[in-house]
Amino acid sequence: MDPKAVDAFFGQEKPEYVLLAAAKVGGIVANNLYRGQFIYENLMIQNNIVHSCYRHSVKKLLFLGSSCIYPRDCPQPILEEYLLTDPLEYTNEPYAIAKIAGIKLCESYNLQYGTNFISVMPTNLYGPNDNYDLEKSHVLPALIRKMHLGKCLMQKDWQAIRNDLSKRPVEGVDGKATETAILEKMNRYGIETRNEVTSVSLWGTGSPRREFLHSDDMADACVFIMEHVDFTDLVENRRKHEKAVAAGEVRNTHINIGTGRDLTIKELAEKIRKIVGFEGELHWDSSKPDGTMQKLLNVDKLHSLGWKENISFDEGITDIYKDYRK
């Protein structure tokens, strides 16, 4: 990202409010594979935009981070004050460090320059128009696509498979490819039929627990915070609720956004299997890493500020599968 181009944009458009959500992000495979790319691009994006917001006197900025900023083995549910208390999960460490830098950048500009830059840490998000790339997507959209393709393969619905690949090619293989090429690519990602039994292979043991929030609820929370919460409110909130606050220190002013409820990846897979209608077998590949065993956010701070989610998990998954099939 060109710093001069970013600065020129802010100078011309003169926005009063900015939502900084741009990020280079992926699932456990992509985070581990593209480590240098993820840390570099995220740092460049946020540094240029935050500094330009300061230079051009933007009234308010909302920086979106990620729950992966917290230590791998911190207590559950995760309070904002657990930031930087232990080592991070290795597979997404570069991305997490970039996001932590973004939080501290906003916080430091507020303290030095009097800006009103607020950081929020959403839990795992899902919703319409997600990334369904079989290598780079997050767990929930990856499960939806795998189950959908598994169902189509089990039903020998080649037209549906070709339609899917035409819309979302997999490593150059689209709906015009031969059946052999399509099957080879699906097999590579654990979607196959052997001896008349169709199965979908999934990473890890299925034991880790994850929390999910619909993107529409996330958007609603962001609007609420932009309209009703300032940095000074968060400093005061921290002083009221955290037990040990050293005199003069201002830390952990970011806000967790989530539901406060989680489920295992195995439970998630079974829920998606039922909604999609996949009747084949699920195989868990325990040779692949599970990642962090639990990431459940404590959302007491957000609730105390006056916001809670509205969309139930089953309702949300049903709606996004309908959206996916379109």
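Worth saying up front: this structure is predicted, and the values here are computed from it rather than measured. (Residues numbered from 1 in each chain as written. Predicted model: local features only at pLDDT ≥ 70, side-chain atom pairs only at ≥ 80, totals over all residues. Heavy atoms only, no water.)

Draft legend 1. Local environment of a negative patch on the surface. A grouping of Asp-216, Asp-220, Glu-315 and Asp-319 is seen on the molecular surface, where their side chains present a negatively charged patch. For the negative patch, the secondary structure elements donating two or more residues are helix H8 (215-228) and helix H12 (313-325). Its place among the elements puts Asp-319 in helix H12. (Patch = residues over 30% accessible without salt bridge, like charges linked within 9 Å, V, L, I, M, F, W, Y side chains within 5 Å. Areas by Shrake-Rupley, 256 points an atom, 1.4 Å probe, with all protein chains shown as cover. Salt bridge = Lys/Arg side-chain N within 4 Å of Asp/Glu carboxyl O. Lys, Arg positive; Asp, Glu negative; His and termini not counted. Charge placed at Lys NZ, Arg CZ, Asp CG, Glu CD. Helix = DSSP H or I, 4+ residues; strand = E, 2+ residues; numbered from the N terminus.)

Draft legend 2. Up close: the pattern of salt bridges. The tally for this structure, following the rule as stated, stands at 15 salt bridges. Lys-59 serves as the salt-bridge partner of Glu-16, at 3.6 Å between the closest nitrogen and oxygen. Placement of Glu-16 in the loop between helix H1 (3-13) and strand E1 (17-20) and of Lys-59 in the loop between helix H3 (35-55) and strand E2 (60-64) is noted, with a sequence separation of 43 residues between them. We classify Glu-16 as partly exposed; its relative accessible area is 42%. (Buried < 20%, exposed > 50% of the residue type's maximum accessible area, 1.4 Å probe, protein only.)

Draft legend 3. How the structure looks around the nonpolar core. Counting residues in hydrophobic clusters, the biggest one holds 32 residues, and the most contacted among them are Ile-49, Val-50, Cys-53, Leu-61 and Tyr-70. Elements with a minimum of two residues in this core: H1, E1, H3, E2, helix H4 (93-113) and strand E3 (117-122). A per-element tally of this core places H4 first, with seven residues. Residues within four places of Tyr-70 in sequence aside, it is in contact with Ile-78, Leu-79, Glu-80, Tyr-82, Leu-83, Leu-88, Met-121, His-254, Asn-256 and Leu-297. Leu-143, Leu-282, Ile-317 and Tyr-321 belong to the second-largest nonpolar core, a separate cluster that totals 22 residues. (Core = buried A, V, L, I, M, F, W, Y, C linked by side-chain atoms within 4.5 Å. Contact = heavy atoms within 4.5 Å.)

Draft legend 4. Structural context of the packing of aromatic side chains. On inspection of all chains with the given rule, the structure shows seven aromatic pairs. Here the aromatic rings of Tyr-34 and Phe-38 are separated by 6.2 Å at their centres, their planes lie at 40°, and the arrangement is tilted. Judged by relative accessible area, which is 23%, Tyr-34 ranks as partly exposed. Where Phe-212 meets Phe-313, the ring centres are 5.5 Å apart and the plane angle is 5°; that geometry is what we call stacked. Of the two residues, Phe-212 is situated in strand E8 (residues 212-214) and Phe-313 in helix H12; the sequence distance between them amounts to 101 residues. Grouping aromatic residues by their ring pairs yields a cluster made of Tyr-54, Tyr-109 and Tyr-113. Across from the ring centre of Tyr-90, 4.1 Å away, lies the NZ or CZ of Arg-35, which sits over that ring. One Lys or Arg, Lys-288, reaches over the ring of Trp-203 and ends 5.7 Å from the middle of that ring. (Phe/Tyr/Trp six-rings, centres within 6.5 Å; stacked < 30°, edge-to-face > 60°. Lys NZ or Arg CZ within 6 Å of the ring centre and 35° of its normal.)

Draft legend 5. Fine view of the pairing of strand E5 (residues 191-194). In the sheet, E5 pairs with strand E6 (residues 197-203) via four bridges, with the strands oriented antiparallel. Directly across from Ile-191, in E6, lies its bridge partner Val-200. What sits between the antiparallel neighbours E5 and E6 is a turn of two residues, in which Asn-195 has the positive phi angle 50°. (Pairing = 2+ DSSP bridges.)

Draft legend 6. The environment of Gly-306, seen in detail. Of note, Gly-306 is situated in the loop between helix H11 (300-305) and H12. Residue classification places Gly-306 among the exposed residues on the basis of a relative accessible area of 52%. On a C-alpha basis, the gap between Gly-306 and Phe-224 in space is 8.7 Å, while along the polypeptide they are 82 residues apart.

Draft legend 7. Molecular detail of the environment of Asp-314. Structurally, Asp-314 is set in helix H12. The sequence separation of Asp-314 and Ala-8 amounts to 306 residues, and the corresponding C-alpha distance is 45 Å. Only 2.8 Å separates the side chain of Asp-314 from the side chain of Lys-271, close enough to count as a polar contact. (Polar contact = N/O pair within 3.5 Å; in protein donor to acceptor, adjacent residues only side chain to side chain.)

Draft legend 8. A look at the sheet that holds strand E11 (residues 281-285). Pairing in this open sheet of three strands is mixed, and the strands run E5-E6-E11 from one edge to the other. Two strands close off the open sheet at either side, each with one partner strand: E5 and E11. Strand-to-strand twist of the sheet, defined as the mean angle between neighbouring strand axes without regard to direction, takes the value 35°. Inspection of the sheet shows E6 paired to E11 by five bridges, in the parallel sense. Across the sheet, Val-200 pairs through a bridge with Leu-282, a residue of E11. The strands that helix H5 (residues 139-154) touches are E5, E6 and E11; relative to E6, the one it contacts most, it runs at about 170°. (Axes fitted to C-alpha atoms, helices over the stretch in contact; angles between N-to-C directions.)

Draft legend 9. Local environment of the pairing of E3. With six of six residues buried, E3 is to be regarded as a mostly interior element. Alternating residues of E3 divide into Phe-117, Ser-119 and Met-121 and Ile-118, Val-120 and Pro-122, and every residue in both groups is buried. Note: E2 against E3, four bridges, orientation parallel. If you follow Leu-64 over to E3, its bridge partner there is Val-120. At this point the chain moves from E2, through H4, to the parallel E3, and the crossover so formed is right-handed. Direction of pairing for E3 relative to strand E9 (residues 255-257): parallel, over a ladder of three bridges. Considered in E9, the bridge of Pro-122 is made with Ile-257. (Right-handed = clockwise from strand over helix to strand, strands pointing away.)

None of the figures reported here should be taken as evidence of function without further support.
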